[in-house]
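Descriptive analysis of the structure
Listed below, chain by chain, are the residues.
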2 protein chains.
Amino acid sequence: MEDPKHHVVKPYLVTRSLQPENQETPIQFMESDSIPKHLFYRRNHFSYPKLAYSNYFLPINGLVTNPILVSLQTILQLPSRTVEIVLECSGNKRSLFEPKVFGEQWKKGAISLGVWKGVPLRSLLEVTGLKKGAKEVVVEGYDFGERSDLDKVFSYARSLPLEKALHPDTIIAYEYNNQPISFKHGHPLRLIVPQWYGMASVKWIKQISVIASDFNGPFQSIDYQYYPNQDNDNGAYPVTTIHVNSTIQKPLDMAKLNTGTHVIKGIAWTGKGKISKVEISTDHGDTWVEGKLSQYSSNYSWVSWTYDWVAAKKGMYSIMSRASDSHGRTQPMKPVWNRNGYGYNAVDRIKVKVE
Amino acid sequence: MEDPKHHVVKPYLVTRSLQPENQETPIQFMESDSIPKHLFYRRNHFSYPKLAYSNYFLPINGLVTNPILVSLQTILQLPSRTVEIVLECSGNKRSLFEPKVFGEQWKKGAISLGVWKGVPLRSLLEVTGLKKGAKEVVVEGYDFGERSDLDKVFSYARSLPLEKALHPDTIIAYEYNNQPISFKHGHPLRLIVPQWYGMASVKWIKQISVIASDFNGPFQSIDYQYYPNQDNDNGAYPVTTIHVNSTIQKPLDMAKLNTGTHVIKGIAWTGKGKISKVEISTDHGDTWVEGKLSQYSSNYSWVSWTYDWVAAKKGMYSIMSRASDSHGRTQPMKPVWNRNGYGYNAVDRIKVKVE
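Residues numbered from 1 in each chain as written. Chains lettered and ligands numbered in written order. Predicted model: local features only at pLDDT ≥ 70, side-chain atom pairs only at ≥ 80, totals over all residues.

1. Section: the overall build of chain A
Filter applied, for reference: Put simply, DSSP marks the helices as runs of H or I at least four residues long and the strands as runs of E at least two long, and each gets a number from the N terminus on. In this setup the radius of gyration rests on C-alpha atoms only. A globule is expected at 2.2 Å times the number of residues raised to 0.38. Residues are called buried when their C-beta atom has 20 or more other C-beta atoms within 10 Å, exposed when it has 12 or fewer, and partly exposed otherwise; all C-beta atoms are positioned from the backbone. Contact criterion: two residues are in contact if their C-beta atoms, reconstructed from the backbone, are within 7 Å.
Counting its regular elements, chain A contains four helices and 24 strands. A compact globule built from 355 residues would reach a C-alpha radius of gyration of about 20 Å, and chain A, at 21 Å, matches this within 12%. Reported as C-alpha extents along the three principal axes, the dimensions of chain A are approximately 70 × 60 × 40 Å. Taken over 355 residues, chain A has a buried fraction of 44%. The contacts in chain A between residues at least 6 apart in sequence include a share of 68% that link residues at least 24 apart.

The structure is reproduced here in structure tokens:
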């Protein structure tokens, strides 16, 4: 007997490493809606932490008037905020840099879109109050491990400047796509920072501390810095806001196509404002036409775009997409090279052969 | 409560296309034993066929003395043969060709190893007998679809020269790794042709015919030919035997490593004889040392190899592996470029940074 489920064809996460687990979303094969949790990209610095959920409390301390220990129950009872956001690893597209850079060779799928629900960090800081001199809010995760460069064990921890920490859309999330956040994505509580690259959205929150200075943990002061030079650290500056960017989903790179009309489609996103236009070139950047944008589903989501391309003549074509945002930012033709390979956002490009 | 299964970290198939389904084995993350069926690479020319297994009979006809219709039951009762073989898509590593070629951009995972059980095709042809003039045996699958280059519908079909068809290890398989072959890999019957690239191992066998001439179906005379030239078909010759080859599994390409000893490991395989040695270079091919080979698990399997590399000095390294077989074939430094990108077998190479 034929079993129809054997015919199901589906994409999977793309494995970059297993220790720690780093896998990307098969972005070329996703529709533009929310990414289901099992296909949400996974990016870890360490092996998964071991948590005892039965006794989970969140401490908020440091330069606050009233340090607190909040229970999960309390957090679930506070007024919630829901945000649909693009979460993008700052190493997304790293493999495209020339000269090539070392590290996880992310292609175009270290990015996902979905809906997070939680309590604004701001609401909790209103409960604790802030002491004079408060400058940054440090969020520490339960994940930890040895850094061989420093020969020492560190927790994963990141800070936000007060302004970002107090933004009403910066939330302590407990749900993803209407379900409790899955373990691998930060259960029970995960910081969600819209418009910033994913390193800011700390998983498995262990502690929140308010400090008076610039946080200098290694995941802030060593990693997640743009180093413009190969041989020295001069001119380094921190990775924060997501760059304006786009990705072609169809056709696939190096595809063979027939003559005729083909839909070129993709996504575009930015960490500042909204995407204002996406231009497509089918002649290696000589001429550009505007693609058709889908409606924004929320302030922080990506937009889908399409362009109906009439491939009349046989030959090889270089297809590019170039997004611009409402802050006047446009994808550059060449990426801003940096030694650790963060923030790649050059015009996206593929090649196809019409035959 | 913490659920340990949420911590399971595993690799997945790597999606190249969904229509038809083409997905590769995450070869960097596999141990050297048999590939489990869910991670066996999938390579299809068309969408999956619809079969009515309840009434399955295999016709063998053409230039035979006694044409027959064999039931599955009969096939299962005949003396069986079991072969452990490397099955490799001839497009494996296509994405590495320079200049790049169009088509599915297989990386290094269009290859799998496993145990197939079935009845030798020879046994069936002994039942039918061969008429004088018999030259090739054509095996047709149930999968079919339109070829846009010919504007016509074709079944997937391939032929074998008599000598290969009559080899006792060329089998009509019904089991993979001790289970009935899964639907996506050719259930109920699949031709298995050891030492030839995977296109010969026709899935979902519909019919076997003996013919007096060279088979000229499009998957034989158009596809699966090496075309040495970009602009014309001169000098074309058919894809048959697997080339001598090797793949580095560890470290990962572009990995950052500490100073110290690292195990470089990988696999090597060939379609002629056995792997006689695998040499490794950690200085971009200037000097070579022999890796340690594992025991062969069967005549047609791949071998694993390892080399303990002492990375004493910081810096960037180009690591290569070069396999040789018992027929005196050695992987070349440069692949033999061909327009459709078949049979890539240049020395495998990765880069790492020791810091």
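2. Description of the relation of the copies chain A and chain B
The cut-off we apply is this: The copies were overlaid by least squares, fitting only the C-alpha atoms of residues that reach a pLDDT of 70 or more in each copy.
Overlaying chain A with chain B gives an RMSD of 0.0 Å, the required rotation being 180° about an axis along which the chain moves by 0.0 Å. Those values place the two copies in the arrangement expected of a two-fold rotation axis. Most of the interface of chain A is mirrored in chain B, where 97% of its interface residues again form contacts.

3. Some thoughts on the interface of chain A and chain B
The cut-off we apply is this: Three categories are distinguished: nonpolar for Ala, Val, Leu, Ile, Met, Phe, Trp, Tyr, Cys and Pro, charged for Asp, Glu, Lys and Arg, and polar for the others, with Gly belonging to the last.
Contacts between the two partners involve 33 residues from chain A, matched on the other side by 32 residues from chain B. The greatest single-element share of the side of chain A that touches chain B, amounting to four residues, is contributed by strand 1 (residues 14–18) of chain A. Counted by class, the side of chain A that touches chain B contains 16 nonpolar, nine polar and eight charged residues.

4. Quick look at the domain arrangement of chain A
Residue and element names in this part refer to chain A. The line we're drawing: In this entry, domain limits derive from an automatic or database-based domain assignment.
Each assigned domain of chain A is listed with its residue range as follows: domain 1 (14–238) and domain 2 (245–354). Each of domain 1 and domain 2 has a C-alpha centre, and the two are 28 Å apart. Counting residues at the interface gives 27 residues for domain 1, matched by 22 residues for domain 2. The element best represented in the side of domain 1 that touches domain 2 is strand 6 (residues 81–88), accounting for four residues.

5. Quick notes on the pairing of strand 10 (residues 171–176) of chain A
All names here are of chain A. The criterion, for reference: Any two strands with at least two DSSP bridges between them are considered paired.
Of all six residues making up strand 10, five are buried, and the element is well covered by its neighbours. Taken together, the five bridges between strand 7 (residues 111–120) and strand 10 define a ladder with antiparallel strand orientation. Across the sheet, the residue bridging to Pro 120 is Ile 171, located in strand 10. Two elements, strand 10 and strand 12 (residues 190–192), share three bridges in a ladder whose sense is antiparallel.

6. Digging into the sheet that holds strand 13 (residues 205–211) of chain A
Residue and element names in this part refer to chain A. Which entries qualify depends on this criterion: An axis is simply a line fitted to the C-alpha atoms; with a helix, the fit covers only the stretch in contact. Between two such axes, the angle follows the N-to-C directions and lies from 0 to 180 degrees.
With mixed pairing, the five strands of this open sheet are ordered in space as 5-4-13-8-9. One side of each edge strand has no neighbouring strand; the edge strands of this open sheet are strand 5 (68–71) and strand 9 (152–161). With direction set aside, neighbouring strand axes in the sheet form an average angle of 25°. Sheet analysis places strand 8 (residues 136–147) next to strand 9, joined by nine bridges and oriented antiparallel. Pairing of Glu 136 across the sheet is with Pro 161, part of strand 9.

7. Digging into the sheet that holds strand 16 (residues 245–250) of chain B
The strands making up a sheet associate through backbone hydrogen bonding, with each pair oriented either parallel or antiparallel. Here four strands make up an open sheet; going across it, the order is 16-18-22-21 (chain B) and the pairing antiparallel. Sheet topology places strand 16 and strand 21 (292–293) of chain B at the edges, where each strand pairs with a single neighbour.

8. Focus on unusual backbone geometry
Looking along the chain, the bond that leaves His 187 of chain A and enters Pro 188 of chain A is cis, with omega of 5°. Looking at the secondary structure, you find Pro 188 of chain A in the loop between strand 11 (179–180) and strand 12. The omega torsion across Glu 98 of chain B and Pro 99 of chain B is -5°, close enough to zero to call that bond cis. Structurally, Pro 99 of chain B can be placed in the loop between strand 6 (81–88) and strand 7 (111–120). Even without being a glycine, Lys 93 of chain B presents a positive backbone phi close to 70°. Residue placement: Lys 93 of chain B occurs in the loop between strand 6 and strand 7. Taking the C-beta count within 10 Å as the criterion, Lys 93 of chain B has 24 such neighbours and is therefore assigned buried. Its identity as a non-glycine residue notwithstanding, Trp 204 of chain B has a phi of 45°, on the positive side. For Trp 204 of chain B, the position within the fold is in the loop between strand 12 (190–192) and strand 13 (205–211). Residue classification places Trp 204 of chain B among the buried positions, given that 24 C-beta atoms sit within 10 Å.

9. Considering the environment of Lys 37 of chain B
Residues and elements named next belong to chain B. Within the fold, Lys 37 resides in the loop between strand 2 (21–24) and strand 3 (42–43). Owing to 15 C-beta atoms within 10 Å, Lys 37 belongs among the partly exposed residues under this scheme. In the structure, Lys 37 is positioned 148 residues away from His 185 in sequence and 8.5 Å away in space, judged by C-alpha atoms.

10. Topic: the environment of Leu 69 of chain A
All names here are of chain A. Within the secondary structure, Leu 69 is located in strand 5. Judged by the 10 C-beta atoms lying within 10 Å of it, Leu 69 falls in the exposed class. Sequence separation between Leu 69 and Gln 179 is 110 residues, and the spatial gap between their C-alpha atoms is 24 Å. Ignoring sequence-local partners within four residues, the contact set of Leu 69 consists of Phe 57 and Pro 59.

11. Some words on the pairing of strand 23 (residues 315–325) of chain B
Residue and element names in this part refer to chain B. As paired elements, strand 19 (residues 275–281) and strand 23 share six bridges and run antiparallel to each other. If you follow Ser 281 over to strand 23, its bridge partner there is Met 320. Here seven bridges tie strand 23 to strand 24 (residues 348–354), and the two strands are oriented antiparallel to one another. Residue pairing across strands places Ser 321 opposite Asp 348, the latter belonging to strand 24.

12. Brief notes about the environment of Ser 71 of chain B
All names here are of chain B. Mapped onto the fold, Ser 71 is located in strand 5 (residues 68–71). Accessibility expressed as a C-beta count within 10 Å gives 12 for Ser 71, which makes it exposed. Each C-alpha atom of the pair Ser 71 and Pro 36 lies 28 Å from the other, and the pair is 35 residues apart in sequence.

13. As for the confidence of the model for chain A
The cut-off we apply is this: The predictor attaches a confidence to each residue, and that confidence, scored 0 to 100, is pLDDT.
Here chain A shows a mean pLDDT of 96. Residues at 70 or above account for 98%. Here the prediction assigns the complex a pTM of 0.95, and the interface score ipTM is 0.93.

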